[in-house]
Amino acid sequence: MDGTISVWMDVGRLDDIPRMGSRVVATPATDIALFRTADDRVFALHDTCPHKAGKLSQGIVHGESVTCPLHSWVIGLADGQAHEPDEGCTRTVAVRLEDGRILLAVGSA
Amino acid sequence: MNSIAPRRTRLVLIGNGMAGVRALEEILSRAPHDFSITVFGAEPHGNYNRIMLSPVLAGEKTFDAITTHPLAWYKENDIELIAGEPVVGIDREARTVTGALGTTRRYDVLLLATGSNPVIIPLPGHKLPGVIGFRDIADVETMMAASQSGKHAVVIGGGLLGLEAANGLARNGMDTTVLHIMPTLMERQLDPVSAGLLKADLGRRGIKVITEANTKAILGTERVEGVTLADGTHLPADIVVMAAGIRPNIALAKAAGLDCGRGIQVNDGMLTSDPAIYAVGECVEHRGALFGLVAPLYEMAKIVADRVTGTANSDYVPAVTGTRLKVTGIDMFSAGDFMGDDNTDDVVFRDAARGVHKKLVIRDDKLIGAVLYGEAADSAWYFDHIRNGTDISALRDTLVFGPSAGTGGDAPGVEALPDTAEICGCNGVSKGTILAAIGKHQLKTVDQVRSRTKASASCGSCTCQVENLLAYALGGDYDATPKVKSVCKCTSAGHDAVRRAILDQKLKTIPAVMRAMGWTSRDGCASCRPALNYYLLCAWPSEYEDDSRSRFVNERMHANIQKDGTYSVVPRMWGGVTSAAELRAIADVVDKHAIPTVKVTGGQRIDLLGVRKDQLPDVWRDLNAAGMVSGHAYGKALRTVKTCVGSEWCRFGTQDSTAMGIALERMTWGSWTPHKFKMAVSGCPRNCAESTIKDFGVIATDSGWDLYVAGNGGIKVRVTDLLAKVTTEDEVLEYAAAFMQVYREEAWYLERTAPWVERVGIEHVRTALSDPAGRRALRDRFMESQRFAQTDPWADRAGGADAHEFQALATVE
Ligand code: SRM
Ligand SMILES: Cc1cc2nc3c(=O)[nH]c(=O)nc-3n(C[C@H](O)[C@H](O)[C@H](O)COP(=O)(O)OP(=O)(O)OC[C@H]3O[C@@H](n4cnc5c(N)ncnc54)[C@H](O)[C@@H]3O)c2cc1C
Ligand code: SF4
Ligand code: FES
């Protein structure tokens, strides 16, 4: 995250997120959407669509992408990039799984 | 990044149109970080595909669909867009530009791409409101508005633009006449024979054409009312579109003292007479030539990008261009010198019965021009010969029959093309590039090819060739002309095939359907998953477990998402009837949860707007406590049943329409349908509940009830068809349930009853419901599925179901 020092924060269990679903982690700056794919990988993006700030956490997750609920842009979970023909990018946040727990890189000052 | 970054070159673009923005794309692809870019655009939006204004006018595309660069694109690329403010001055000494509102920016490099303006012939009356050109989205809006309020349209100019405008106006229901000064239409692209065929084709579409028309004056006092011709003919007109040509927009450049002829003069490197100022697009004049099609402009964009970024000293080389008319159903192509002279030979093919005419012009064993009318599938092949100057002496005998001549006629033409052949003229994409992309990225659909290569992304007229290339590259894997609309990009299977497979093969989960039908994606997409979820639910009501992950957010949250991410809550108000107790409860809920807005909906109930996601379960719990349940205002489901006061109160009422409506709503609530389903019951033919634009509408008569189906308010209004006349309330209920069930079982997902009935025909529906046994069987299947559907989703969630949907996983302080 932006070159600032991050800490890994335990935000919950993998099973707290439904497969092909999403949950939100609220932070002072912004909401972060965590996504779980069909094959149990987890990704984290700012919960803001590059188009008109739709909440990506409310979209439909498929493959390694999510479709925004407002105007159906498709955003890649790994890189936050909008799929063609749309253009735009949502910020990604580092996240990893350890023993079924989700660790999120949260920026600290 | 601790050191101060070097100052980036300041690049200012004037003209936020097709050529200018393409140049920016080319520049960014060469040097993403070297420039700080500002764009001034006179139009108040991002860039769009101007070519596609014709399909927008014809109602075939929306403005959103042709927007190529939304505001987010500028933001994403760190480009400052000053939209809606034309530049009014360039100070070449100070290197600044200033906009009409006073915004001033400095530049190191200035790029002019101001396009061109329609020529407005200074006839008497040319300044009247209602006299316009055809250049931008504002013109399209003016034409569409005119078609709402007026009946007659006159288009001056029978060239490409004029005819596309005329087609669009006629498609909007206007009585349209084209006035063309020359003896034949599109004389710069068509020989007289093809032009005659075109005139006849347009006539069949209801477009009148007057050639050799000498327009004398435009008449009107407040706004345009008509047009008179020199021969005394008078034509009424609510709108007059001038499509008599375009003129490069050079006013700004001229005022700044740049060398201008008819256009802004540029050298081969697109540089103007000022070494800091480049120009591209229709505003330029290059070696005395002007431009009016995108292909050369896109080429200029590459040259200017090479130059500005210092990537290469490339030069612009003029090339032949080809033209097509974008009127759906009219197939034509023209390129090169198609008229010929004393030193050329013509090869002509004509099949009058099919309306096909082809003319090839040959000089010194080379093809130098071609006009194809009525059948233009081989245009790429001819165009390639023209551009390359191929020696065609060996081919001459069969040239006019196209590339498949001699092969029995069933080989696709693309096979014969060399790799260099240009398939997409607008974007300059060759056959070789497309085949390479198909191979490298394993592309399977036209959409995929389009997004990889830009082929067919501009005017779209080469889509057919791109399909043929896919067919050729993929062999049996590609269904060249899919007759059925596939469910989505993940499959070639159509909706009907999927529904049949679900029943025949007893498929009961989404992954099972995807496996059985060979889906190309692992877990589908946001288009197919909701469709499959619905089809399974409809097929196996007692067994299928709804997949909330395949539901659009509104149906998952049981509330409508709003643009700010809050939700709206609409409780059911049976038949539009409420009570003091319900109203009081609603008022209490609003106060308790500080809900910002309360609104009466168009569906006779009350909408609570601005509810936060985490508040939803509590709001629902309180509404439930007062006896209110979800109104499914968010669902592809039964929505409202509107009623009027009927015989209980109204002096004209013949039956108790309110009670009938409530009975219908009680029977059908909770049912999921392919698209939303609305009903209404009116107490007499005055029809105060608007029953004739509902999916199922009932109108009471003295002797009973008239039942109507497949109406639609919405985007495309459709009045219902009469389904049956019945006498008892039970029959109304029976028909309603049976109709909903055929619709549920047969329509495609997201197909409302109106388009569905348009597709299958009202007779099909009448037949399905006319036999009493069949009707009752449908009704019984409907009622069976209602046993599982009629649970209030709000009560479930207020009771704790899907709690994770409403709460954050964690909060970081
Ligand atoms: C709330 C309401 C407007 C209002 O304040 O009155 C409304 C609001 C919306 N309508 Fe509507 N429609 C509302 C009555 C109507 C009506 C009037 C009616 O039902 O008599 C129509 C025309 C009748 C018809 O459907 O044929 C109507 C035709 C549409 C359409 C066009 C449908 C079509 O087939 O062309 C859409 C777009 C769509 O569904 O794809 C739409 C879509 C929408 C959406 C869902 C847009 C969206 O996707 O977000 C709006 C949701 C707002 C929200 O969050 O609540 N709304 N909408 C009305 C809710 C009625 C209710 O009590 O449930
Ligand atoms: C209805 C229609 C159909 C067409 N169909 C085809 C087709 O099928 N095939 C084809 O190849 N071509 C087609 N064309 C032509 C094609 O659209 C043009 O060649 C192309 O858009 C020209 O690009 P440009 O950037 O030079 O000009 P434009 O796209 O017009 O962009 C110029 C922009 O500059 C802005 N501008 C002007 N002056 C100023 C100023 N002082 N300050 C700020 N902004 C300014 C204008 O508002 C405009 O937005 C069609 C055109 C129209 C109108
Ligand atoms: S008409 Fe319907 S869809 Fe359009 S803004 Fe109003 S509520 Fe929204
Ligand atoms: S806000 Fe995401 S698609 Fe519009």
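Residues numbered from 1 in each chain as written. Chains lettered and ligands numbered in written order. Predicted model: local features only at pLDDT ≥ 70, side-chain atom pairs only at ≥ 80, totals over all residues. Heavy atoms only, no water.

### Here we look at the overall build of chain B
And then number 1: A count of helical and extended segments in chain B gives 25 helices and 39 strands.
And then number 2: Sorting the 813 residues of chain B into buried and exposed places 53% on the buried side.
And then number 3: Partitioning the contacts of chain B with sequence separation of at least 6, the portion at a separation of at least 24 is 62%. (Helix = DSSP H or I, 4+ residues; strand = E, 2+ residues; numbered from the N terminus. Buried < 20%, exposed > 50% of the residue type's maximum accessible area, 1.4 Å probe, protein only. Contact = heavy atoms within 4.5 Å.)

### A short note on the site of ligand 2
Residues and elements named next belong to chain B.
And then number 1: Close to ligand 2 lie 32 residues; Ala19, Glu43, Arg135, Glu282 and Lys326 are nearest.
And then number 2: Here an oxygen atom of ligand 2 sits 2.7 Å away from a polar atom, N or O, in the side chain of glutamate 43.
And then number 3: Glutamate 282 is positioned with one of its side-chain polar atoms (N or O) 2.5 Å from an oxygen atom of ligand 2.
And then number 4: Across the complex, the protein chains shield 93% of the 990 Å² of accessible surface that ligand 2 would expose by itself.
And then number 5: When residues of the shell around ligand 2 are assigned to their parent elements, the largest contribution, 3 residues, is made by helix α1 (residues 18-30).
And then number 6: By residue class, the composition of the shell around ligand 2 is 15 nonpolar, 11 polar and 6 charged. (Near = heavy atom within 4 Å. Polar contact = N/O pair within 3.5 Å; in protein donor to acceptor, adjacent residues only side chain to side chain. Areas by Shrake-Rupley, 256 points an atom, 1.4 Å probe, with all protein chains shown as cover. Nonpolar A, V, L, I, M, F, W, Y, C, P; charged D, E, K, R; others polar.)

### A short note on the interface of chain A and chain B
And then number 1: In this assembly, 37 residues from chain A lie in contact with 35 residues from chain B.
And then number 2: Interface area for chain A against chain B, summed over the two sides, is near 2,900 Å², with a carbon-plus-sulfur share of 58%.
And then number 3: The three residues of chain A that bury the most area against chain B are Arg23, Gln58 and Ile60 of chain A, which together make up 23% of that side's buried surface.
And then number 4: Where chain A touches chain B, the interface holds 1 salt bridge.
And then number 5: Taking the shortest distance from any N to any O, the salt bridge between arginine 522 of chain B and aspartate 39 of chain A comes out at 3.0 Å.
And then number 6: Inspection of the chain A/chain B interface yields 14 residue pairs in polar contact (both at pLDDT 80 or more).
And then number 7: Of all the secondary structure elements, the ones that give two or more residues to the side of chain A that touches chain B are β1 (6-13), β2 (21-26) and β5 (60-62) of chain A.
And then number 8: The element best represented in the side of chain A that touches chain B is β2 of chain A, accounting for 6 residues.
And then number 9: Each residue belonging to the side of chain A that touches chain B can be placed in one class, and the counts come to 18 nonpolar, 11 polar and 8 charged.
And then number 10: Of the strand pairs in this sheet, β2 of chain A and strand β39 (residues 810-811) of chain B are connected by 2 bridges, and their pairing is parallel. (Buried area = accessible area lost by both parts, 1.4 Å probe. Salt bridge = Lys/Arg side-chain N within 4 Å of Asp/Glu carboxyl O. Pairing = 2+ DSSP bridges.)

### Some words on the pairing of strand β4 (residues 42-46) of chain A
All names here are of chain A.
And then number 1: Along β4, 5 of the 5 residues are buried, which leaves the element largely enclosed by surrounding structure.
And then number 2: Going residue by residue along β4, you find Val42, Ala44 and His46 tucked away on one face and Phe43 and Leu45 tucked away on the opposite face as well.
And then number 3: From the end of strand β3 (residues 31-36) to the start of β4, which pair antiparallel, there are 5 residues, and aspartate 40 there has a positive phi angle of about 65 degrees.
And then number 4: Two elements, β4 and strand β8 (residues 92-93), share 2 bridges in a ladder whose sense is antiparallel. Across the sheet, leucine 45 pairs through a bridge with threonine 92, a residue of β8.

### Regarding the sheet that holds strand β10 (residues 101-107) of chain A
All names here are of chain A.
And then number 1: Sheet architecture is open: 3 strands sit in the order β1-β10-β9, paired in antiparallel fashion. Only two strands of the sheet have a single partner each, and these edge strands are β1 and β9 (95-98). This sheet shows a mean twist of 35 degrees between the axes of neighbouring strands, independent of strand direction.
And then number 2: Note that β9 and β10 share 4 bridges and pair antiparallel. Its bridge partner lying in β10, glutamate 98 is registered against arginine 101. (Axes fitted to C-alpha atoms, helices over the stretch in contact; angles between N-to-C directions.)

### A look at the environment of glycine 322 of chain B
Residues and elements named next belong to chain B.
And then number 1: Tracing the sequence through the fold places glycine 322 in strand β23 (residues 322-323).
And then number 2: In this structure, the C-alpha to C-alpha distance between glycine 322 and leucine 293, residues 29 residues apart in sequence, is 8.9 Å.
And then number 3: When residues no more than four places from it in sequence are discounted, the contact partners of glycine 322 are Leu293, Phe333, Ser334, Ala335 and Phe383.

### Points about the packing of aromatic side chains
Residues and elements named next belong to chain B.
And then number 1: Considering all chains together, one arrives at 16 aromatic pairs over all chains under this definition.
And then number 2: Aromatic pair tryptophan 620 and tryptophan 794: ring centres 5.5 Å apart, planes at 5 degrees, arrangement stacked. You can see tryptophan 620 sitting in helix α19 (residues 616-625) and its partner tryptophan 794 sitting in helix α25 (residues 793-798), a full 174 residues away along the chain.
And then number 3: Note on phenylalanine 677 and phenylalanine 739: the rings are 6.1 Å apart at their centroids and 50 degrees apart in plane angle, and the pair reads as tilted. Of this pair, phenylalanine 677 sits in strand β35 (residues 677-682) while phenylalanine 739 sits in helix α21 (residues 729-746); the two residues are 62 residues apart in sequence, bridging distant segments of the chain. (Phe/Tyr/Trp six-rings, centres within 6.5 Å; stacked < 30°, edge-to-face > 60°.)

### What about the side chain of serine 65 of chain A?
And then number 1: Looking at the element boundaries, serine 65 of chain A is found in strand β6 (residues 65-67).
And then number 2: Every residue in contact with serine 65 of chain A, bar those within four places of it in the chain, is listed here: Ile60, Val74, Ile75, Gly76, Leu77 and His83 of chain A.

### As for the state of the cysteines
And then number 1: Considering all chains together, one arrives at 0 disulfides over all chains under this definition.
And then number 2: No disulfide involves cysteine 462 of chain B; its sulfur sits 4.1 Å from that of cysteine 424 of chain B, the nearest cysteine. (Disulfide = S-S within 2.5 Å.)

### Regarding the pattern of salt bridges
And then number 1: Counted by the stated rule, this structure contains 61 salt bridges over all chains.
And then number 2: Aspartate 721 of chain B is the salt-bridge partner of arginine 718 of chain B, the closest N and O atoms lying 2.7 Å from each other. Note on accessibility: arginine 718 of chain B and aspartate 721 of chain B belong to one class, buried.
And then number 3: In this structure, the salt-bridge partner of arginine 797 of chain B is aspartate 802 of chain B, at a minimum N-O distance of 3.2 Å.
And then number 4: Among the residues examined, arginine 797 of chain B registers a relative accessible area of 13% and is labelled buried.
And then number 5: One salt-bridge network, held together by shared partners, links Asp39, Arg41 and Glu64 of chain A together with Arg522 and Asp523 of chain B.

### Digging into the sheet that holds strand β27 (residues 366-373) of chain B
All names here are of chain B.
And then number 1: Read from one edge of the open sheet, 5 strands run β23-β24-β27-β26-β25, paired in antiparallel fashion. Each edge of the open sheet is held by one strand with a lone partner, namely β23 and β25 (345-351).
And then number 2: With 7 bridges joining them, β25 and strand β26 (residues 356-363) adopt antiparallel strand pairing. Along β26, the bridge assignment pairs valine 348 with lysine 359.

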